[in-house]
Amino acid sequence: MPEKVSGSFRDPSGFMFKHGAKLYRQVNQKYREDYDLLMTSGLYEQLTKSKTLVAHKEVDLQLAPLPDIAYKIIQPEMVDFISYPYEWCFNQLKDAAILTLAISRRALEFGMSLKDASAYNIQFQNGRPIFIDTLSFEKYEEGLPWVAYKQFCQHFLAPLALMAKTDIRLSKLLRLHIDGIPLDLASILLPASTKFNFGLATHIHAHAKSQQRYADKQVSQEEIKVRLSKSSMVALLDSLLSTVRSLNVKTIQTEWTDYYQDNNYTPASFEAKRQLVKSFIERVEPKKVWDLGGNTGEFSRTASDMNIPTVCFDIDPGAVQQNYDLVKQNKEKFMLPLVMDLNNPSPDLGWHSSERESMQARGPVDLVMALALIHHLAISNNVPLVDVAIYLADLAENLIIEFVPKSDSQVKRLLASRLDIFPDYNLECFKKSFETRFELILEQKVPGSERTLVLFRRNQNNDRAKVE
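How each quantity is defined
- Residues numbered from 1 in each chain as written.
- Predicted model: local features only at pLDDT ≥ 70, side-chain atom pairs only at ≥ 80, totals over all residues.
- Heavy atoms only, no water.
- Salt bridge = Lys/Arg side-chain N within 4 Å of Asp/Glu carboxyl O.
- Helix = DSSP H or I, 4+ residues; strand = E, 2+ residues; numbered from the N terminus.
- Buried < 20%, exposed > 50% of the residue type's maximum accessible area, 1.4 Å probe, protein only.
- Phe/Tyr/Trp six-rings, centres within 6.5 Å; stacked < 30°, edge-to-face > 60°.
- Axes fitted to C-alpha atoms, helices over the stretch in contact; angles between N-to-C directions.
- Left-handed = near helix turned anticlockwise from the far one by under 90°.
- Contact = heavy atoms within 4.5 Å.
- Nonpolar A, V, L, I, M, F, W, Y, C, P; charged D, E, K, R; others polar.

Novice: Lay out the pattern of salt bridges in plain terms, naming residues and giving numbers.
Specialist: For the structure shown, the criterion picks out 16 salt bridges. Note that D420 and K406 form a salt bridge whose closest N and O atoms lie 2.9 Å from each other. Here the residue D420 occupies a position in the loop between α15 (409-415) and α16 (427-434), and K406 occupies one in the loop between β14 (396-403) and α15, the gap between them amounting to 14 residues. Take K406: its relative accessible area is 26%, and that puts it in the partly exposed class. Connected via shared salt-bridge partners are K273, E402, D408 and R451.

Encoded structure:
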């Protein structure tokens, strides 16, 4: 039976659904004219050829879950991993904003307008952003304003401005406000100096005041509608583009961005660890890999360089930004860097807590790597080792994990300012805890260090009660 994808229920033009392992979209009769224009105008061909819009093929209409209102059934190309704006670094969000504006401007050349400028319409595939909502285009009508203007400002411009001008951590507001950061809130949080920046003054501060002016008044849409010529629409898009391009964050030096220059490895032991990780990956032969706490992606690339789609999660936005910049610089196709706090990972969000999936719901995968991570979870955050094992067993069938002992300088660093209340934090207890959920396949000391690399395979019976 077809299963609707919960994140697309709001659009009257159509919706996503799954049939078996395949993903489809029903195009409703309501969207018939706009769909035909998209497909015949040349816009679809140009955007898909440039790989800025996800391609699709039309399939049997009999697959329609709601045949009475169906016009077409299309099967879009699959994206390796669905990510969300609150998981992106600054440059990812900026590139997504630039692509949205570029597509909107290009649509005008073909007599169409982008009616939906949601950041959730962008995904990252093959190392670059791509627009995934085929039904976001409508026939352009001369004189009408850009209906997605407010949405673009809330989803893109406001968070980018807050990250660039106030604090990089304010990107987390996107998780709290999944329909975009309210402009009045952004206006309050931005420094006063931004009122002298033409783009921010216009598109955030003045825009916020305009919204407030009409918020408590009973006025018709016709009264507040602004007539906008096509040339003015282009000027608006160009102004937004100029404003977005002007926003930057300095090279982010945060706590862990220089981790690989400040660790216990000699160059020889570092390379030995890399080769061990590679041999473990080759033994597993995974189709997808998640690297938890992957920093700038040094060891994630052991997998992605083998053409394995790899998601590299890290809590540090500076490290994720450096990783993403490397992806762009080297034109990497199999690496996706994301910001993620494993102690507070992305939850199920939105209507019925099902519009945006949790991190865990987007798994499990064939292989999870957790290198130099266990001490942060067990010591920094007081998570018992057995609970770490239970969680990781829910994420993957196979696990490559590095145990970092108390004698390691990184652990000493964590214990320097707190009482050592972790008598069970040792290799023996670590293996015992993980063997409640996993079978130990390989164990190897990392040459030139006191660390141990372990390959686990999840037990077939992973439903046993949580060990107390």
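Novice: An account of the packing of aromatic side chains is needed here, citing residue identities and associated values.
Specialist: Inspection of the entire model under this criterion finds 21 aromatic pairs. Centroid distance F81 to F313: 6.1 Å. Interplanar angle 75°. Geometry classified as edge-to-face. Of this pair, F81 sits in the loop between β5 (70-76) and α3 (90-109) while F313 sits in strand β11 (residues 310-314), and the two are 232 residues apart along the sequence. Like F81, the residue F313 is buried in the burial classification. Look at F430 and F456: their rings are 6.2 Å apart centre to centre, the planes differ by 65°, and that puts the pair in the edge-to-face class.

Novice: Help me get a handle on the packing of α3 against helix α4 (residues 149-165), residues and values and all.
Specialist: The interhelical angle for the contact between α3 and α4, taken along N-to-C directions, is 145°, at an axis separation of 10 Å. Viewed along their axes, α3 and α4 form a crossing whose handedness is left-handed. Here F90, L93, K94, A96, A97, T100 and L101 of α3 lie close against α4, whose contacting residues are F152, H155, F156, P159, L160, M163 and A164. Grouping the amino acids of the contact of α3 with α4 by side-chain chemistry returns 11 nonpolar, two polar and one charged.

Novice: Give me the lowdown on unusual backbone geometry, citing residues and values where you can.
Specialist: A cis amide bond, omega -5°, links G363 with the succeeding residue P364. Considering the arrangement of structural elements, one finds P364 in the loop between β12 (335-339) and β13 (365-370). The residue K51 is not glycine, and still its phi comes out positive at about 60°. As for its placement among the helices and strands, K51 is situated in the loop between α2 (43-49) and β4 (56-59). Taking the relative accessible area as the measure of exposure, K51 reaches 53% and is therefore exposed.

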